[in-house]
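Chain and residue survey
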Amino acid sequence: MDIFEYMRNSNMEKESPLASRLRPSTLEEVVGQKHIIGKDKLLYRAIKADKISSVIFYGPPGTGKTTLAKVIANTTSAEFKQINATIANKKDMEEVVDGAKAALGMYGKKTILFIDEIHRFNKGQQDYLLPFVEDGTLILIGATTENPYFEVNNALISRSIIFELKPLGQEDIKELVYRAVNDEKKGMGAYRAVIDEDAAKFLSDVSGGDARMALNAVELGILTTDRSEDGLIHITLEVAEQCIQKRAARYDKDGDNHYDTISAFIKSMRGSDVDAAIYYLARMLYAGESVTFIARRIMICASEDVGLADPQALVVANAAAQTVHNIGMPEARIVLAEAAAYVAAAPKSNSVYKAIDDALMYIKNNPTGAIPPHLQDAHYKGAAKLGHGLNYKYAHDYKNHYVKQQYLPDGMENISFYEPTVNGYEKNIKEHLEKIRKEAE
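The structure contained in this document is the topic of the report that follows. A quick note: this is a predicted structure, and the numbers were derived from the prediction, not measured.

**Quick look at the packing of helix α10 (residues 170-182) against helix α12 (residues 211-224)**
α12 packs onto α10 with a crossing angle of 30 degrees between their chain directions and a minimal axis gap of 10 Å. Of the possible angle classes, the one that applies to α10 and α12 is roughly parallel. Regarding α10 and α12, the two cross each other, and that crossing is right-handed. Listed contacts from α12 to I173, L176, V177, A180 and V181 of α10 are A211, A214, L215, V218 and I222. In the contact of α10 with α12, the residues fall into 10 nonpolar, no polar and no charged.

Right under this line is the structure:
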């Protein structure tokens, strides 16, 4: 590195955005992601021991994928190279490979290649890396916001460990916000700014787990806000709202409003009010609620409140949950709206919900009855000699594929748990059961 390159890198570091300057250089400085970098976790031990193998970091923007790569760069004795898949070409990769071969051959030194946005590489580019990852010439660190099982070649996936990074929690973001305001070396501490508690909480909430979004708002707020009479720059809730261009919705994920909103959402779907369901969904999305949490509630409503009145409701809700997991926001809003609207508009029945709870209550309060002998398994050794399965009537041998025989234990013959309604498809179920039972008499 010559003096000009050194000066250029120094100036870039000083002029880079706050989110970049504030990146930690050690594991101890990293905020969040304790499920993969806690002190007893594999990744923590591997980084500390400088024994990192090929890995792919997968998660939403601003969750620390590049940060972890930089920490590895600062702690490893290996050569560390970085390229961005959005602008890199084959020549760039060939230069890295040639350098890695030279470092390994001449000095016995390994090379770690960090590829940001690795999902942007096409199949040919990914295939080019494969033999060098395979023979240890390169240790690959990939970062992607897309599901790697869909976007990265299976061959690379099989040679890498996938670590999924989660959106940072509200307390994690808040810690970074205060660090940004007060840190004089990496942050904005030299500007003598203070941030109000409600402003910090707002930024940590609406950023949706994206640290970069919150830090960009802090930087903009400090650089554009005039000093007050006390000589300090005050980042208030109003300033925070302006800097992130999002109104502070009255929504506390840990408070009553969180539960009130999700309750209103579910009750609106149960009450078949599509407009209200969409409205409360929008309120939650606007406030940064977890899309997976919302998807789970739609699935519950589909089974609890729609049930067999429309069996497709649960299929739609489950498909929506999987799609949301695969694509994330902002497109997830459309998927969730479609599922919520379907469940809200569907005919309703809680007959199955009531049936399973009534059955559980019966079992809790009554002795467990013996299974009728003709229903017992006759295939295991000696079972037939004991009379198991004897006189069982095979339903498919009878009209309507139904035959009247005892299925419940003795003493329960007249007990009924499931009572289908006449709503939606469940009306067909009710009519079918009545028909086959009547014709079997």
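Read on, since the account is not over.
**Observations concerning the pattern of salt bridges**
What the rule picks out here adds up to 16 salt bridges. When the shortest N-O distance is used, the salt bridge between R179 and E175 registers 3.4 Å. Highlighted residues: R179 and E175, both in helix α10, separated by 4 residues, approximately one helical turn. Overall, R179 belongs to the partly exposed group, its relative accessible area being 23%. Exposure remark for E175: the relative accessible area of 41% places this residue in the partly exposed category.

**Structural notes on the pairing of strand β2 (residues 79-84)**
With 6 bridges connecting them, β2 and strand β3 (residues 111-116) associate as parallel partners. Bridge assignment links K81 to a residue of β3, and that residue is L113. Handedness of the crossover is the feature at issue here: the chain leaves β2, passes through helix α6 (residues 90-107), returns alongside β3, and the resulting connection is right-handed.

**Here we look at the packing of helix α11 (residues 197-206) against helix α13 (residues 237-244)**
One way to put it is that α11 packs onto α13 with a least axis distance of 8 Å and a crossing angle of 25 degrees. Our classification of the angle between α11 and α13 gives roughly parallel. Once α11 is placed against α13, the crossing between them reads as right-handed. Contacts between α11 and α13 involve D198, A199, F202, L203 and V206 from the first element and L237, A240, E241 and I244 from the second. In terms of residue class, the contact of α11 with α13 is made up of 7 nonpolar, no polar and 2 charged.

**Brief notes about unusual backbone geometry**
Following M329, the chain continues into P330 via a peptide bond in cis, with omega recorded as 10 degrees. Topologically, P330 is positioned in the loop between α17 (312-327) and α18 (332-345). One non-glycine residue with positive phi stands out, namely S272, at about 65 degrees. If you trace the backbone, S272 turns up in the loop between α14 (256-270) and α15 (274-286). For S272, a relative accessible area of 37% puts it in the partly exposed group.

**Regarding the sheet that holds β3**
The 5 strands lie next to each other as β2-β3-β4-β1-β5, forming an open sheet whose pairing is parallel. Single-partner strands in this sheet number two, and they are β2 and β5 (161-164). Going across the sheet, the axis of each strand differs from the next one's by a mean of 15 degrees, ignoring polarity. Those strands touched by helix α5 (residues 65-75) are β1 (55-58), β2, β3 and β4 (138-144), and its axis lies near 145 degrees from that of β1. The strands touched by α6 within the sheet are β2, β3 and β4, with β2 carrying the most contacts at an inclination of about 175 degrees.

Rules used throughout
Along each chain, the written sequence defines residue order, and numbers are assigned to residues from 1. Whole-chain, interface and lining totals are the exception, using all residues; otherwise, since this is a predicted model, local features are given only for residues with pLDDT of at least 70 and side-chain atom pairs are given and counted only at 80 or more. Water and hydrogen atoms were dropped before computing side-chain values, which therefore reflect all heavy atoms in the structure. Structural elements are reduced to axes, namely lines fitted to C-alpha atoms, with helices fitted over the stretch in contact, and the angle between N-to-C directions of any two is expressed from 0 to 180 degrees. The secondary structure listing takes helices from DSSP runs of H or I that are at least 4 residues long and strands from runs of E that are at least 2 residues long, numbered from the N terminus. If an angle is under 35 degrees, it is roughly parallel; if it is over 145, roughly antiparallel; if it lies from 65 to 115, roughly perpendicular; otherwise it is oblique. Left-handed describes a crossing whose near helix is turned anticlockwise from the far helix by less than a right angle; the clockwise case is right-handed. By the convention used here, residues are in contact when the closest approach between their heavy atoms is within 4.5 Å. Just so you know the grouping, Ala, Val, Leu, Ile, Met, Phe, Trp, Tyr, Cys and Pro go in nonpolar, Asp, Glu, Lys and Arg go in charged, and all remaining residues, Gly too, go in polar. A side-chain nitrogen of Lys or Arg and a carboxyl oxygen of Asp or Glu constitute a salt bridge if their distance falls within 4 Å. Relative accessible area decides the class of each residue, using a 1.4 Å probe on protein chains only: under 20% of the type maximum gives buried, over 50% gives exposed, and in between gives partly exposed. One requirement defines pairing of two strands: DSSP has to find at least two bridges between them. Clockwise travel from the first strand over the helix to the second, with the strands pointing away from the viewer, marks a crossover as right-handed.

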